[in-house]
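Fold and contact review
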Amino acid sequence: GGGGVWLSCGLQGLVQAVPQNHTHATLLVRGDGIGAALAAWGDKFRAWTGKLPATAADVTTPGPPVDVTLSHLGYWTDRGGYYYASALGGYSSKEQALSAVLDRYDSAGYPLRYMQLDDWWFEQGPGGDFDGLVRWLPPLAVNFNSNTSIFPSESFDWLGETAAALYVAMMYANNSYTDPRYEWAVDTDQRYSVPQSRSFYDDLFLNGSLAVTGGLALFEQDFMSCWAGQTIIGLCGSDFLVRDVSTASNWLSSMDAAAMDAGV
């Protein structure tokens, strides 16, 4: 009261049922500033899961060593970046534009070790990134060549030895990967879906690493606030992950286990 800030924790009221013997934990930390508090929270959370902090030198303990995204220069094409969306900067294709970026940094003596490829290059639902991914191919594509303004070479060979950072925000309910090979949870309004078994991510990280000579530097799962039931300017948001205690956990733990084994 008195104009103070309320802090709440625990299961959300939307949860429809709690299994017998279910446990729930909350991690609360304090720090001298936002950065210090987040760093402390991250260290304690990783310790709780048996992983080292990202800066740890002892790689014999479970957890990834310092990776290329922390140790080397990369280039991002996300929202706000110069080459986000349809921007070509005078080049004839996205491939040509980003190849020029790689060459420019290399000639300046600052070779890029990875490049983040945002949502502009793959097919999405009718609402774009707010409806989610349909498949990791250019829009309306049967193969890469159907959209020559993106990747006319029909491959990622133009990246050379530069690794790729793969991106996804929401996942469309009727995406190309919802088949019997993988288990999915689908929202009641049939708009979004999430994988429920790690085999999807095992295949994704394997195929992604094979498609890019330099491999996958990271996998970026965006729009987490939308997955938690919040909306971004009213265009996305679903509460189906917070209606039970298992769907979100299965999704994130599957992603984590596959990424750890794949070194992503």
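Residues numbered from 1 in each chain as written. Predicted model: local features only at pLDDT ≥ 70, side-chain atom pairs only at ≥ 80, totals over all residues. Heavy atoms only, no water.

**A closer look at the pairing of strand 2 (residues 114-117)**
Burial of strand 2 is two-sided: the residues Y114 and Q116 facing one way and the residues M115 and L117 facing the other way are all buried. Across 3 bridges, strand 1 (residues 74-76) lies against strand 2 in parallel orientation. Across the sheet, residue W76 finds its bridge partner in strand 2, namely Q116. Following the chain from strand 1 across helix 3 (residues 94-107) to the adjacent parallel strand 2, one finds a crossover that is right-handed. Relative to strand 5 (residues 163-168), strand 2 runs parallel, the two sharing 4 bridges. Following the sheet pairing, Y114 is matched in strand 5 by A163. (Buried < 20%, exposed > 50% of the residue type's maximum accessible area, 1.4 Å probe, protein only. Helix = DSSP H or I, 4+ residues; strand = E, 2+ residues; numbered from the N terminus. Pairing = 2+ DSSP bridges. Right-handed = clockwise from strand over helix to strand, strands pointing away.)

**A closer look at the nonpolar core**
One finds M115, W121, W136, W158, F200, Y201 and F219 to be the most contacted residues of the largest nonpolar core, which totals 51 residues. Taken together, the elements giving at least two residues each to this core come down to helix 3, strand 2, strand 5, strand 6 (184-186), helix 4 (199-211), strand 8 (216-221), helix 5 (224-227) and helix 6 (247-262). Dropping the residues within four chain positions of it, M115 is found in contact with Y75, L98, V101, L102, W158, L159, T162, A163, A164 and A165. Y114, A165, A217 and L218 belong to the second largest nonpolar core, which has 6 residues in total. (Core = buried A, V, L, I, M, F, W, Y, C linked by side-chain atoms within 4.5 Å. Contact = heavy atoms within 4.5 Å.)

**So, the pattern of salt bridges**
Across all of its chains, the model carries 7 salt bridges by this definition. The residue E123 makes a salt bridge to R135 at a minimum N-O spacing of 2.8 Å. Remark: R135 occurs in strand 4 (residues 133-135) and E123 occurs in strand 3 (residues 123-124); sequence separation between them is 12 residues. A residue is classified by how much of its surface remains accessible, and E123, at 15% relative accessible area, is buried. The partner of D261 in a salt bridge is R198, with the nearest N and O atoms 2.9 Å apart. Residue D261 is located in helix 6, and its partner R198 is located in the loop between strand 7 (193-195) and helix 4; the two are separated by 63 residues in the primary sequence. Residues joined in a network through salt bridges with shared partners are D187, D239 and R243. (Salt bridge = Lys/Arg side-chain N within 4 Å of Asp/Glu carboxyl O.)

**Things to note about the confidence of the model for the chain**
Residues with a pLDDT of 70 or more make up 88% of the chain, whose mean pLDDT is 86. Scored below 50 in pLDDT, residues 56-61 shows 3 contacts in the model against residues more than four places distant or in partner chains. Confidence over residues 141-146 falls short of pLDDT 50; this stretch has 16 contacts with residues more than four positions distant or in other chains. (pLDDT = per-residue confidence, 0-100.)

**Things to note about the sheet that holds strand 5**
One key point about sheets: their strands pair by backbone hydrogen bonds, in either a parallel or an antiparallel sense. Strand order in the open sheet formed by 4 strands is 1-2-5-8, with parallel pairing between adjacent strands. Across the chains shown, the open sheet's two edge strands, defined by having one partner strand only, are strand 1 and strand 8. Put simply, the sheet's adjacent strands are angled 15 degrees from each other on average, direction ignored. Against the sheet, helix 3 engages strand 1 and strand 2, with an angle of about 155 degrees to strand 2. (Axes fitted to C-alpha atoms, helices over the stretch in contact; angles between N-to-C directions.)

**Here's the deal with the packing of helix 4 against helix 6**
Helix 6 packs onto helix 4 with a crossing angle of 35 degrees between their chain directions and a minimal axis gap of 8 Å. Considering how the two elements wind past one another, helix 4 and helix 6 form a crossing that is right-handed. Along the contact surface, helix 4 presents Y201, D202 and F205, while helix 6 presents W251, S254, M255, A258, A259 and A262. Class assignment of the residues belonging to the contact of helix 4 with helix 6 gives a composition of 7 nonpolar, 1 polar and 1 charged. (Left-handed = near helix turned anticlockwise from the far one by under 90°. Nonpolar A, V, L, I, M, F, W, Y, C, P; charged D, E, K, R; others polar.)

**Observations regarding helix 1 (residues 34-48)**
With 15 residues, helix 1 should cover 21 Å at 1.5 Å per step; its first-to-last C-alpha distance of 21 Å lies within 8% of that length. Count one or two residues on from helix 1 and you reach G50, which has phi positive near 85 degrees. (Expected span 1.5 Å × (residues − 1).)

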